[in-house]
Amino acid sequence: MQEVDVIVAGAGLWGCTVARVLAEAGRKVLVLEKRDVVGGNVRCATDPETGIEVHTYGSHIFHTHLDDVWNFVRRFVAFNGYQHKVLARYNGKTYFLPLGLTLVNQFYGLDLTPAELPAFIRAEAAKAPATDGAVNFETQAISFVGKPLYDAFIREYTRKQWGTDPKNLSADIIRRLPVRASYDVNYFPDYRQGIPLSGYNSLFDRLLDHPNVSVRCRTGFHFGTVAELGLPAATPVFYSGPVDALFDYRFGALPWRSLRFETARVAVPDFQGTSVVNYTGAEVPYTRIHEFKHYHPEDRAVMEAPSTIVCREYPKTWQPGDEPYYPVDTAASRELLARYRAEAAKTPNLIVGGRLGGYRYYDMDRSIGNALETAAAFLER
Ligand code: UDP
C-alpha cells in the first residue's frame with residue numbers, strides 16, 4: 001500500500017476537484033470510485049460511428065459567473081464557446097425559451113417592446129382566477145406569468161418532471177420565474193459558457209493526472225474501507241456518494257427523481273436542428289429530446305456525419321438501483337437530510353459533499369466551487 005494522506009470517495013466533479021487541490025498542496029490522495037470509470041454523471045461516451053460525444057447521463061453544459069471556478073477549470077480544458085439555447089415544442093409550434101420577448105410575442109402574436117412586456121405580463125397574471133388562498137407551485141407560477149403561459153410551458157412539463165400535479169409541489173421550487181424583457185434567448189445568464197473542446201472525459205483525466213493522486217475504480221466506500229486498506233483510522237475521507245447509503249439508510253431513503261434515457265441513432269445528419277427541445281405538452285411522455293452533435297459546432301466531421309444520436313428523457317420515481325438525479329425537496333426530506341448530516345458530523349475526519357453527498361441539485365460550476373472551498377478549508381485547519 002502506497003502512502004495515503006487522504007481518501008476521496010467518489011470521482012465526480014466534486015471529488016476530482018478536491019483530489020486535485022489536495023494533491024497540489026502536497027497530500028497523497030487515493031481516489032476510490034464505485035463505477036468502472038471516473039467522471040460521475042458528467043461522464044460521456046464517444047459514438048464510434050460518428051465521433052459524437054454522447055452525454056450518457058443527460059446534457060451537461062458548463063456555465064458560470066464564478067471567477068475562481070472559471071479560472072480553475074480552464075487550467076485543464078479549453079471551452080468551445082457553445083451558448084445554450086432551449087426550444088420548447090407546444091401544440092405543434094416551436095418556441096425559444098426562456099419566457100421573454102421572443103416567446104411571448106410569438107405566443108400571443110404581439111410585437112411588445114422591452115418597456116411594454118412587464119406591464120403585459122402583470123395584466124395577464126391579474127386575470128388568473130382567484131384561488132382559495134393556497135400557495136403552491138401552480139398558484140405561484142400563475143401569479144408570475146399568467147395562466148396561458150403557465151398552461152402551455154410549465155404545467156405539464158413540471159407534472160412530467162416531478163410525477164405529481166404541480167398543485168402538490170412547493171412554491172419554493174419557483175421562488176422566482178424570471179421573464180426576460182429582451183430578445184436574449186441564451187438559456188443561462190452566464191456569458192462564460194461552453195463544452196470542453198477535448199471532451200468532458202479529458203477534464204477528469206487531467207484533474208487526476210498528478211503524481212500525488214492514485215485512482216482505484218470498482219471500489220465503493222463504506223466505513224470498513226479505511227481499515228481494509230490498512231490505513232490509519234484517522235485518515236480523512238471526502239465522501240461524495242449518497243449520504244443515506246453511507247449510513248445504510250438507517251433513517252430511511254432520501255427521495256430522488258430519477259431519469260430513464262432512450263438513446264437512438266437516426267440516419268439523418270440533423271434531427272431537430274438544435275441540442276435540446278423541451279416537450280411541454282402532455283401528449284408525449286418524455287420531457288425533452290437531446291441531440292448531442294449540436295454541442296460541438298466547431299467539429300465539422302461530427303456536424304456533417306450522415307447520422308445523429310438523439311436521446312429522449314423520461315423522468316421517473318427513484319427506486320433502489322436507479323441513478324439518483326434530482327433531490328425531492330419537501331419538509332420530510334429536509335428533516336431526513338438533517339438527521340444524516342448530524343450523523344456524518346459525529347464521525348471524525350469525514351467530510352461529506354458533492355451533489356449526492358450534499359443532496360443538492362448542483363450545477364457543475366457550483367459543485368467545483370464547493371469543492372474548492374471545502375478543500376481550502378481542510379488545508380487551513
Ligand atoms: N420548467 C418548465 N418548463 C420547461 C422547462 C422547465 O416548467 O420547459 C420548470 C420545471 O418545473 C423544471 C424547472 O423549470 O423542473 C427547472 O428546469 P430546468 O430546465 O432549469 O432544469 P434542468 O433539469 O435542465 O436542470
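Residues numbered from 1 in each chain as written. Predicted model: local features only at pLDDT ≥ 70, side-chain atom pairs only at ≥ 80, totals over all residues. Heavy atoms only, no water.

### Details of the site of the ligand
No. 1: Neighbouring the ligand are 14 residues; F153, T158, R288, Y326 and Y361 lie closest to it.
No. 2: In the model, an oxygen atom of the ligand is placed 2.8 Å from a nitrogen or oxygen of the T158 side chain.
No. 3: Here Y187 contributes a side-chain N or O atom positioned 2.9 Å from an oxygen atom of the ligand.
No. 4: Tallied by class, residues from the shell around the ligand come to nine nonpolar, four polar and one charged. (Near = heavy atom within 4 Å. Polar contact = N/O pair within 3.5 Å; in protein donor to acceptor, adjacent residues only side chain to side chain. Nonpolar A, V, L, I, M, F, W, Y, C, P; charged D, E, K, R; others polar.)

### Points about the nonpolar core
No. 1: Formed by 80 residues in total, the largest nonpolar core has its most connected members in F62, F153 and F238.
No. 2: Discounting chain neighbours no more than four positions away, the residues touching F153 are A88, Y90, Y95, L99, L103, F107 and T280.
No. 3: By size, the runner-up hydrophobic cluster in this structure holds 24 residues, among which are L32, L229, W318 and L336. (Core = buried A, V, L, I, M, F, W, Y, C linked by side-chain atoms within 4.5 Å. Buried < 20%, exposed > 50% of the residue type's maximum accessible area, 1.4 Å probe, protein only. Contact = heavy atoms within 4.5 Å.)

### Observations concerning the sheet that holds strand β2 (residues 29-32)
No. 1: Strand order in the open sheet formed by five strands is β9-β2-β1-β10-β16, with parallel pairing between adjacent strands. The sheet terminates laterally at β9 (213-216) and β16 (350-352), the two strands that pair on one side only. If you compare each strand with its neighbour and ignore which way they point, the axes differ by 20° on average.
No. 2: Summarising the sheet, β2 and β9 pair through four bridges and their orientation is parallel. Each bridged residue has a counterpart across the sheet, and for V31 the counterpart in β9 is V215. (Pairing = 2+ DSSP bridges. Helix = DSSP H or I, 4+ residues; strand = E, 2+ residues; numbered from the N terminus. Axes fitted to C-alpha atoms, helices over the stretch in contact; angles between N-to-C directions.)

### Here we look at the packing of helix α3 (residues 101-108) against helix α6 (residues 147-162)
No. 1: Packing of α3 against α6 brings their axes to within 12 Å, and their N-to-C directions diverge by 105°. Considering their axes alone, α3 and α6 lie roughly perpendicular with respect to each other. Residue-level inspection shows L103, V104, F107 and Y108 of α3 in contact with α6, the latter providing P148, L149, A152 and F153.
No. 2: Split into classes, the residues belonging to the contact of α3 with α6 amount to eight nonpolar, no polar and no charged. (Parallel < 35°, antiparallel > 145°, perpendicular 65-115°, else oblique.)

### Notes on the sheet that holds strand β11 (residues 256-266)
No. 1: Pairing in this open sheet of seven strands is mixed, and the strands run β7-β6-β12-β13-β14-β11-β15 from one edge to the other. Two strands close off the open sheet at either side, each with one partner strand: β7 (93-96) and β15 (326-327).
No. 2: Here β11 pairs with strand β14 (residues 308-317) via 10 bridges, running antiparallel. Looking at β14, one finds that F261 is bridged to E313.
No. 3: Against the sheet, α3 contacts β6 (86-90) and β7, and its axis sits at roughly 150° relative to β7.
No. 4: Contacting β6, β7, β11, β12 (276-279), β13 (288-291), β14 and β15, α6 runs over the sheet at an angle of about 100° to β6.

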